[in-house]
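Next come the chains, spelled out residue by residue.
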Amino acid sequence: MTSTVVTSSSSAENSMFRFDPDALQALALQHREEYANNTPFPHIAIDNFFPEFVLDNVLKEFPKPDDIEWQRFKNSAEKKLASRHEQQMGDATRLLLYQFNSATFISFLETLTGIEGLIPDPHFEGGGLHQIEPGGFLKMHVDFNKHAKLKLDRRLNLLVYLNKDWQEEYGGCLELWDSEMTRCEKKILPIFNRFVVFSTTDFSYHGHPDPLACPEGRTRKSLALYYYSNGRPAEEVKEQAHSTIFLARPNESIAPADLSPKKSFKEVVKQFIPPILLELGRGLKKQ
């Protein structure tokens, strides 16, 4: 299927294109009911979102594991690579990411998801280029819910997969689990030109929890962007601002230190003080 949401303005080799606002709005209207009704939480996966040349040019310049100074995560909850800043990206990649942050694309996302007042992230905090090598994984989790710099509420994740000829036996599916973390309700294979958007709350558990089984020399590549708003519905939040929180699946073990955000010394001490003494201390402070 050929995408209709992009208009080429030059040769494919130069990767010059722009989003077509009318086509994007039509696509959003076509899928917004499905987005809202999908379980376990609102999401959509659309194949062949772009003309192939757009992502072919991104793939050509996508850095290998040893090409740049990746941010490397390696513990019992995650084993992956992530870009540190946009200077590590090529021109075609930057052009695409900038267009994802454009007013035209934000309007599409607002119509698709029903979330008004979406704000893009020019810093690509936690986003940009993601890469997982054979044996890598990302255990089930909910994402950080506040932007550290902008102090905004995280509302949407957007993923674009760049993996040509990807086989099911390689694994690497994006898994979406129910809010009680009892079962996987959806698996999305990370195939080339698959576009995924989902709503993020303190209950939207997702991940790629099983070790990647692709052949040596191959990796699972994706682009990731996140979108925010100033405020959010109270029912979407379980606690105040937090970083990524990992949860083990049934019959799975993750080292305790990797399960939840790092606590400050003050927070750790509070865990060992009886509540009655905490109340007494607060009372003395007020005097």
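Residues numbered from 1 in each chain as written. Predicted model: local features only at pLDDT ≥ 70, side-chain atom pairs only at ≥ 80, totals over all residues. Heavy atoms only, no water.

## Describing the environment of Asp56
Phase 1 of the analysis: Here Asp56 is to be found in helix 2 (residues 52–60).
Phase 2 of the analysis: For Asp56, a relative accessible area of 23% translates into the label partly exposed.
Phase 3 of the analysis: As a C-alpha pair, Asp56 and Ala92 span 36 residues in sequence and 9.4 Å in three-dimensional space.
Phase 4 of the analysis: Sequence-distant contacts of Asp56, defined by excluding residues within four places in its chain, comprise Lys164 and Phe192. (Helix = DSSP H or I, 4+ residues; strand = E, 2+ residues; numbered from the N terminus. Buried < 20%, exposed > 50% of the residue type's maximum accessible area, 1.4 Å probe, protein only. Contact = heavy atoms within 4.5 Å.)

## A few points about empty space enclosed by the protein
Phase 1 of the analysis: Within this structure, the stated rule accounts for one cavity of 30 Å³ or more.
Phase 2 of the analysis: Its volume calculated, the largest cavity comes out at about 40 Å³.
Phase 3 of the analysis: Contributing to the lining of the largest cavity are Asp143, Phe144, Asn145, Arg154, Thr200, Thr201, Asp202 and Arg232.
Phase 4 of the analysis: Residue composition of the lining of the largest cavity, by class: one nonpolar, three polar and four charged. (1 Å grid on protein atoms, 1.4 Å probe; cavity = no way out; pocket = protein on both sides within 12 Å on 5 of 7 lines; lining within 4 Å. Points joined across faces, edges and corners; volume = space filled by probe spheres on them. Nonpolar A, V, L, I, M, F, W, Y, C, P; charged D, E, K, R; others polar.)

## Focus on the packing of helix 2 against helix 3 (residues 91–100)
A pair of packed helices can be characterised by two numbers: the angle between their axes and the separation between those axes.
Phase 1 of the analysis: The N-to-C vectors of helix 2 and helix 3 enclose an angle of 130 degrees; their axes lie 7 Å apart at closest approach. Put simply, helix 2 runs oblique to helix 3. Residues Val54, Leu55, Asn57 and Val58 of helix 2 lie in contact with helix 3, whose contacting residues are Ala92, Thr93 and Leu96.
Phase 2 of the analysis: Per-class residue counts for the contact of helix 2 with helix 3 are five nonpolar, two polar and no charged. (Axes fitted to C-alpha atoms, helices over the stretch in contact; angles between N-to-C directions. Parallel < 35°, antiparallel > 145°, perpendicular 65-115°, else oblique.)

## As for the pairing of strand 6 (residues 128–132)
Phase 1 of the analysis: Where burial is concerned, most of strand 6 is hidden: five out of the five residues are buried.
Phase 2 of the analysis: By the bridge criterion, two bridges tie strand 5 (residues 78–82) to strand 6 in an arrangement that is antiparallel. The residue of strand 6 that forms the bridge with Leu81 is Gln131.
Phase 3 of the analysis: Note: strand 6 against strand 13 (residues 220–229), five bridges, orientation antiparallel. (Pairing = 2+ DSSP bridges.)

## Quick look at the pairing of strand 9 (residues 174–177)
Phase 1 of the analysis: Residues Leu174 and Leu176 line one face of strand 9 and the alternating positions Glu175 and Trp177 line the opposite face, and both faces are buried.
Phase 2 of the analysis: Connecting the antiparallel pair strand 9 and strand 10 (residues 184–188) is a turn made up of six residues, with Met181 showing a positive phi of about 55 degrees.
Phase 3 of the analysis: When strand 9 meets strand 12 (residues 206–208), the two strands line up antiparallel, connected through two bridges. Note that in strand 12 the partner of Leu176 across the bridge is His206.

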